[in-house]
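Reading the structure
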Amino acid sequence: MSDHTVLHVKGRVLVGPEEVRDEVWAVDGRITFERPRAEAVKVHGWALPGLVDAHCHVGLDRHGPVDAVTSEKQALTDREAGTLLIRDAGSPSDTRWIDDREDLPKIIRAGRHIARTRRYIRNYAHEIEPEDLVAYVAQEARRGDGWVKLVGDWIDRDAGDLTACWPRGAVEAAIAEAHRLGARVTAHCFAEDSLRDLVEAGIDCIEHATGLTEDTIPLFAERGVAIVPTLVNIATFPSLAAGGESKYPAWSAHMRRLHERRYDTVRAAYDAGIPVFVGTDAGGSLAHGLVAAEVAELVKAGIPPLQALSATAWGARSWLGRPAIEEGAPADLVVYDEDPRADVRVLAAPRRVVLNGRIID
């Protein structure tokens, strides 16, 4: 990585969805719109704020926690794709050391997943019973960066299908405690039957949200509950269903139905005014660096390109409480050869990645 004190980004700087400037500078790692006196290294192209992956897992693979070397490779892969801000939606690994690395993406952590006993992927989560939920939510709220992650539903082996993991009273108390501690709460939810309880209990976000229906979409919209659809992950549902067909036929059929209507579900949510953000679910069984593919999936679902772009750029940063391209903000930029607003596929080929005012080689 090249270390330059002053950087001059010239061309078309996309400060907002409709606000475009001709140039911006990075001085000592910070954005400024005032021309400095010092000599600057020039970068030309279409500049966006560093992309956001709002559902990503650094420090985790399909087997559970990974070592620091693997975590670093994951973060570097995201960086090369232009992802410079990650909401880590649950990890059993301590990745705080990444905060000291100016060459790695910034991470907003949700602590470790909180799941019902034997109701999630092995080695991923704290596996507990409802009477302990408030205590574990408080613990992870203190460990995280303003988020807590619950597992809202999972396969129930006795039922042979997806069912809700928590009774209503437990999630009401747990979400209230998280909010008291200043943390927002999100939950993994594939199916339909956990959603109403979670939203009426005050949850802030739902991951995947494949179980949204015409009954629950208005509730989400009324309460302003965001969704992160992770469509690149939902694409794996048919293969998962095939693998469980013989043992859990009802679950397999359910997963196929959720997959078949995935685009209609996302478009209906967007049309109803539900906030939709980009997340890939990288770090479990999925590779890192898929942010451009997820934006393209949102467009395929029917979200207008500019709004899909905002879901990984200006809108996503605002939702997470982090600046985009503004005076004094960290100089985290991705530069492209063409206008990504005209074709979001441009996101797959960054010309330059700038992190903390330094050009990534």
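A brief structural summary. (Residues numbered from 1 in each chain as written. Predicted model: local features only at pLDDT ≥ 70, side-chain atom pairs only at ≥ 80, totals over all residues. Heavy atoms only, no water.)

A separate point is a positive patch on the surface. A surface patch of like charges, here positive, comprises R118, R122, R157 and K247. Relative to the helices and strands, K247 resides in the loop between α7 (237-244) and α8 (249-260). For K247, a relative accessible area of 63% corresponds to the exposed category. (Patch = residues over 30% accessible without salt bridge, like charges linked within 9 Å, V, L, I, M, F, W, Y side chains within 5 Å. Areas by Shrake-Rupley, 256 points an atom, 1.4 Å probe, with all protein chains shown as cover. Salt bridge = Lys/Arg side-chain N within 4 Å of Asp/Glu carboxyl O. Lys, Arg positive; Asp, Glu negative; His and termini not counted. Charge placed at Lys NZ, Arg CZ, Asp CG, Glu CD. Helix = DSSP H or I, 4+ residues; strand = E, 2+ residues; numbered from the N terminus. Buried < 20%, exposed > 50% of the residue type's maximum accessible area, 1.4 Å probe, protein only.)

So, on to the pattern of salt bridges. Scanning the entire structure with this criterion turns up 26 salt bridges. For R341, the salt bridge goes to D339, with nearest N and O atoms at 3.1 Å. Judged by its relative accessible area of 15%, D339 is buried. Members of the salt-bridge network, linked through shared partners, are R168, E172, R196, D197 and E200.

On to the sheet that holds strand β8 (residues 83-88), then. Strand order in the open sheet formed by three strands is β5-β8-β9, with parallel pairing between adjacent strands. Here the strands that pair on one side only, and so sit at the sheet edges, are β5 (51-56) and β9 (106-109). For this sheet, the mean inter-axis angle between neighbouring strands, taken without regard to orientation, is 20°. (Pairing = 2+ DSSP bridges. Axes fitted to C-alpha atoms, helices over the stretch in contact; angles between N-to-C directions.)

Quick look at the side chain of R262 now. The topology assignment puts R262 in helix α9 (residues 262-271). Salt bridges are absent for the buried R262, whose nearest opposite-charge side chain, E297, sits at 4.6 Å. There is a polar contact of 2.9 Å between the side chain of R262 and the backbone oxygen of H259. When residues no more than four places from it in sequence are discounted, the contact partners of R262 are L231 and I234. (Polar contact = N/O pair within 3.5 Å; in protein donor to acceptor, adjacent residues only side chain to side chain. Contact = heavy atoms within 4.5 Å.)

The geometry of helix α2 (residues 133-143) relative to helix α3 (residues 168-180) is characterised by a closest axis approach of 9 Å and an angle of 25° between their N-to-C directions. If you check the angle between α2 and α3, you find them roughly parallel. With respect to the hand of their crossing, α2 and α3 are arranged in right-handed fashion. Of the residues in α3, those touching α2 at L133, V134, V137, A138 and R142 are A170, V171, A173, A174, E177, A178 and R180. Partitioned by chemical class, the residues of the contact of α2 with α3 number nine nonpolar, no polar and three charged. (Parallel < 35°, antiparallel > 145°, perpendicular 65-115°, else oblique. Left-handed = near helix turned anticlockwise from the far one by under 90°. Nonpolar A, V, L, I, M, F, W, Y, C, P; charged D, E, K, R; others polar.)

The next thing to look at is the packing of aromatic side chains. Here the structure, examined in full by the defined rule, presents six aromatic pairs. On the basis of an interplanar angle of 80° and a centroid distance of 5.9 Å, the ring pair of Y120 and Y124 is categorised as edge-to-face. Here Y120 matches Y124 in class, with each residue buried. Aromatic side chains F277 and W319 sit 4.2 Å apart centroid to centroid with 10° between the ring planes, which places their arrangement in the stacked category. Residue F277 is located in the loop between α9 and α10 (291-301), and its partner W319 is located in helix α12 (residues 314-320); the two are separated by 42 residues in the primary sequence. Take F277: its relative accessible area is 8%, and that puts it in the buried class. (Phe/Tyr/Trp six-rings, centres within 6.5 Å; stacked < 30°, edge-to-face > 60°.)

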